[in-house]
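Here's the letter readout for the chains.
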Protein chains: 2
Amino acid sequence: MANNNGSNCHLCMQKSDVFKRLNHDELDAVNGCRVTIKYRPGEIIFKQGSPCHDFVCIVSGLAKLYIESECEKRIIIGFAKPVDYIFVPGAFTDKRHHFSAVACEETTACLVNAEVFQNILDNNNAFASAFIKKVSEQAIGMFEQLASLTHKQMPGRIADVLLSLSQKIYNANPFVTSLSRQDLADMSGMTKESAIRILKTFKDDNLIRTDSDTIELLNVPMLETISRNG
Amino acid sequence: MANNNGSNCHLCMQKSDVFKRLNHDELDAVNGCRVTIKYRPGEIIFKQGSPCHDFVCIVSGLAKLYIESECEKRIIIGFAKPVDYIFVPGAFTDKRHHFSAVACEETTACLVNAEVFQNILDNNNAFASAFIKKVSEQAIGMFEQLASLTHKQMPGRIADVLLSLSQKIYNANPFVTSLSRQDLADMSGMTKESAIRILKTFKDDNLIRTDSDTIELLNVPMLETISRNG
DNA sequence: GCACTCCGTTGATATAAATCAACAGAATAA
DNA sequence: TTATTCTGTTGATTTATATCAACGGAGTGC
């Protein structure tokens, strides 16, 4: 895994609201200590509980972020897609990862030394502001997920997952996904079997169409109604 | 509700890790635009969906923060106690409140103009860093709550609530609380009736003791075991 | 005084969802 | 090739939890 192969920070800078705030020197600092790594599907980028030394920026592919409990259950709390770094709250507190990140498909990530990142954050107000904005958006997303998981029944939760995948993750309507049924279940807080059953009722009602890894939402308004009604 | 009655910012500064980072001028700016308000139990400090013009700092009492869904259900996502401001993610995004804050008991809050607050955040790196640290801690707390609510059964969730109240909110073991059974249920994602039933089994097993508004944890290790086992 | 609402409590019943079990197909390893 | 593991799927059964209903007590307003 060589350093600085493929992309460089100046390319990413154009694509990311947050990295736009970096000046030339800061970008050089990041570029200088940056390590690019390719992950294959299923490979762990970082593991819950492990120390966090680096900030991770996803350059290509898709990573899922999930919490694992003692009881072997997982809950997917979000995704990281290009070009975005992963907000690691532990980096600012106990220097531990509080969730795991795993590549869903072939994924490239840049690792940036946490101290370098922290240093920029401490000195560049615009960057810090953009960072806080991003963290705020993520917090709001967590609120929505928490409300969905605790207040809605399974059809509403699956509707939420499908709408979120189409509108926030893939930004497409027939979308091709690398997520398994288990992943969909982990997003919606249910078992794989239950997720499959709900998807089947949606298919029977012509709300969606699935074909191997492709999912198409045929009736978005109805899915939104199901989401609202819980 | 007059301005600047009772406390002043210099007192709060000593009690809050975050406000310690403010210099004299910044503190004066905050002090100058600050409005102090007393809320009675049950009164709304701010309401989900409403525009957020001010940052809220709790000076005395206790406020509960909760998300309300369309289906009339609530989930308490945290508390604010003295001296702490409430992190309002909407202030950095869509200028709307994404959860409601309600006084649990007689509560005093200082409202600080959001622009003044934002201005300090943009210019004081140490303050911004402390802010990010606080937000990170809150995010980690949300992860734990999400895992508790989605992966544990009712006894584990109630154990989590009791331990959290004793160890994080009240910092006392027999503690006197102003929270209703409904509030405990809203913290643990279940109905009031279910919460009461679990509390009863805990009482029957001599894990806790309750006397009107007082709750005492008699067997913390066992409660922790119940929490771990879900 | 009385009516009324809110909170805490308990029991009976209904139901959403997990668990258990089985199997087919695809992918992977030996 | 065969064996083996993982994913997707379906059905039968169990169970955790919500819902419904009822009641006593405390507080509040009239």
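Reading guide: rules and limits
- Residues numbered from 1 in each chain as written.
- Chains lettered and ligands numbered in written order.
- Predicted model: local features only at pLDDT ≥ 70, side-chain atom pairs only at ≥ 80, totals over all residues.
- Heavy atoms only, no water.
- Helix = DSSP H or I, 4+ residues; strand = E, 2+ residues; numbered from the N terminus.
- Buried < 20%, exposed > 50% of the residue type's maximum accessible area, 1.4 Å probe, protein only.
- Contact = heavy atoms within 4.5 Å.
- Areas by Shrake-Rupley, 256 points an atom, 1.4 Å probe, with all protein chains shown as cover.
- Lys, Arg positive; Asp, Glu negative; His and termini not counted.
- Charge placed at Lys NZ, Arg CZ, Asp CG, Glu CD.
- pLDDT = per-residue confidence, 0-100.
- Pairing = 2+ DSSP bridges.
- Core = buried A, V, L, I, M, F, W, Y, C linked by side-chain atoms within 4.5 Å.
- Buried area = accessible area lost by both parts, 1.4 Å probe.
- Salt bridge = Lys/Arg side-chain N within 4 Å of Asp/Glu carboxyl O.
- Near = heavy atom within 4 Å.
- Polar contact = N/O pair within 3.5 Å; in protein donor to acceptor, adjacent residues only side chain to side chain.
- Nonpolar A, V, L, I, M, F, W, Y, C, P; charged D, E, K, R; others polar.
- Least-squares fit on C-alpha atoms with pLDDT ≥ 70 in both.

*Asks:* Any chance you could explain the overall build of chain A here in plain terms?
*Replies:* Each helix and strand in chain A was counted, giving eight helices and eleven strands. Over its C-alpha atoms, taken along the principal directions, chain A stretches across nearly 55 × 35 × 30 Å. A total of 230 residues make up chain A; the buried ones form 52% of that total. In chain A, 70% of the contacts between residues at least 6 apart in sequence involve partners at least 24 apart. Of the accessible surface of chain A, which amounts to about 10400 Å², a share of 49% is contributed by carbon and sulfur atoms. On chain A, the mean spot of the 25 positive side-chain charges and the mean spot of the 27 negative ones are 4 Å from each other.

*Asks:* Whenever I open this one, the confidence of the model for chain A confuses me. Can you help?
*Replies:* Regions with low pLDDT carry predicted coordinates that are not meant to be interpreted in detail. Residues and elements named next belong to chain A. Taken over all residues, the pLDDT of chain A has a mean of 90, while the share at 70 or more is 97%. At the level of individual helices and strands, chain A shows its lowest average pLDDT in helix H1 (residues 9-15), which scores 76, and its highest in helix H5 (residues 154-169), which scores 96. With pLDDT under 50 throughout, residues 1-6 is counted as low confidence; its partners more than four residues away or in other chains account for eleven contacts.

*Asks:* I would appreciate a short explanation of the sheet that holds strand S1 (residues 35-39) of chain B in the present structure.
*Replies:* Pairing between the strands of a sheet comes from backbone hydrogen bonds, and it takes one of two forms, parallel or antiparallel. Residues and elements named next belong to chain B. Taken in spatial order, the four strands line up as S1-S8-S3-S6 in an open sheet, and their pairing is antiparallel. Edge strands, defined here as strands with exactly one partner in the open sheet, are S1 and strand S6 (84-85). Of the pairings in the sheet, the one linking S1 to strand S8 (residues 107-113) comprises five bridges and is antiparallel in character. Bridging from a neighbouring strand, Val 35 pairs with Leu 111 of S8.

*Asks:* Just to check I follow, could you spell out the side chain of B:Thr108 for this structure?
*Replies:* Looking at the element boundaries, B:Thr108 is found in strand S8. Residues contacting B:Thr108, with those up to four places away along its chain left out, are B:Thr36, B:Ile37, B:Lys38, B:Cys57, B:Ile58, B:Val59 and B:Ser60.

*Asks:* Help me understand the nonpolar core, please; the structure alone is not making it clear to me.
*Replies:* Burial of nonpolar side chains together is a common tendency in soluble globular proteins. In this structure, A:Ile86, A:Phe131, B:Ile86 and B:Phe131 are the most contacted members of the largest nonpolar core, which totals 106 residues. Every residue in contact with A:Phe131, bar those within four places of it in the chain, is listed here: A:Tyr85, A:Phe87, A:Phe92, A:Phe117, A:Leu121 and B:Ile132.

*Asks:* So what exactly am I meant to see when it comes to the interface of chain A and chain B here?
*Replies:* Between chain A and chain B, the contact holds 37 residues from the first and 38 residues from the second. Summed over both sides, the interface of chain A with chain B buries roughly 3400 Å², with 73% coming from carbon and sulfur. Area buried by chain A at its contact with chain B is led by A:Phe143, A:Leu146 and A:His151, which between them contribute 22% of it. Across the chain A-chain B interface, the total number found is zero salt bridges.

*Asks:* Just checking my understanding: could you explain the protein's contact with DNA strand D for this structure?
*Replies:* Not every one of the 18 residues close to DNA strand D is listed here, only the nearest: A:Arg181, A:Ile196, A:Arg197, A:Lys200 and B:Ser194. Taking the atoms of DNA strand D that fall within 4 Å of the protein, sugar and phosphate contribute 65% of them. A:Arg197 is positioned with one of its side-chain polar atoms (N or O) 3.0 Å from a base nitrogen of DNA strand D. B:Ser194 has a polar side-chain atom sitting 2.6 Å from a phosphate oxygen of DNA strand D. In terms of residues, the surface near DNA strand D owes the most to one element, helix H7 (residues 192-204) of chain A, which gives six residues. Residue composition of the surface near DNA strand D, grouped by class: three nonpolar, six polar and nine charged.

*Asks:* Can you help me understand the relation of the copies chain A and chain B in this one?
*Replies:* One chain copy maps onto the other through a rotation about an axis and a shift parallel to that axis. Superposition of chain A onto chain B requires a rotation of 180 degrees combined with a translation of 0.0 Å along the rotation axis, giving an RMSD of 0.0 Å. Both chain copies can therefore be described as sitting about a two-fold axis. The fraction of interface residues of chain A whose copies in chain B are also interface residues reaches 100%, indicating that both copies meet through the same surface.

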